[in-house]
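Now for the letters of each chain:
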Amino acid sequence: MTKDEIFNKIAAIIADRFEVDQSKVTNEMNLQKDLDADSIDFVEFVLELEDTFGSEISDEDAEKLSTVGEVVDYVAAHQA
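Residues numbered from 1 in each chain as written. Predicted model: local features only at pLDDT ≥ 70, side-chain atom pairs only at ≥ 80, totals over all residues. Heavy atoms only, no water.

### Quick word on the pattern of salt bridges
A complete count under the given rule lists three salt bridges for this structure. Two residues, Glu44 and Arg17, come together in a salt bridge whose shortest N-O distance is 3.3 Å. Pair noted here: Glu44 is in helix α2 (residues 39-53) and Arg17 is in helix α1 (residues 3-18), with a separation of 27 residues, a long-range link. Given the relative accessible area of 31%, Arg17 is considered partly exposed. Here Arg17 ties to Glu48 by a salt bridge, and the two come within 2.6 Å at their closest N and O atoms. A residue pair is termed long-range when its members are at least 10 positions apart, and Arg17 in helix α1 and Glu48 in helix α2 qualify at 31 residues. Judged by relative accessible area, which is 22%, Glu48 ranks as partly exposed. Put simply, Arg17, Glu44 and Glu48 are held in one network by salt bridges that share partners. (Salt bridge = Lys/Arg side-chain N within 4 Å of Asp/Glu carboxyl O. Helix = DSSP H or I, 4+ residues; strand = E, 2+ residues; numbered from the N terminus. Buried < 20%, exposed > 50% of the residue type's maximum accessible area, 1.4 Å probe, protein only.)

Keep in mind these values describe shape, not function.
Have a look at this one:
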């Protein structure tokens, strides 16, 4: 899966979960600041990523993910 395909899937998840227009999702978007995601929102988002991409994201790794671009890079690097 290409980074563009990964980005599009992640953008769709964000648009659905955080009620944001998918066209406004960018690689620079900060998950906590721009989406006003609290810790529960973030955990649910990570779980949905794991289900969507079929790979596990450790709590330690998840804590390091702050922007959409970082999530895309992480998923791309950990594809099964």
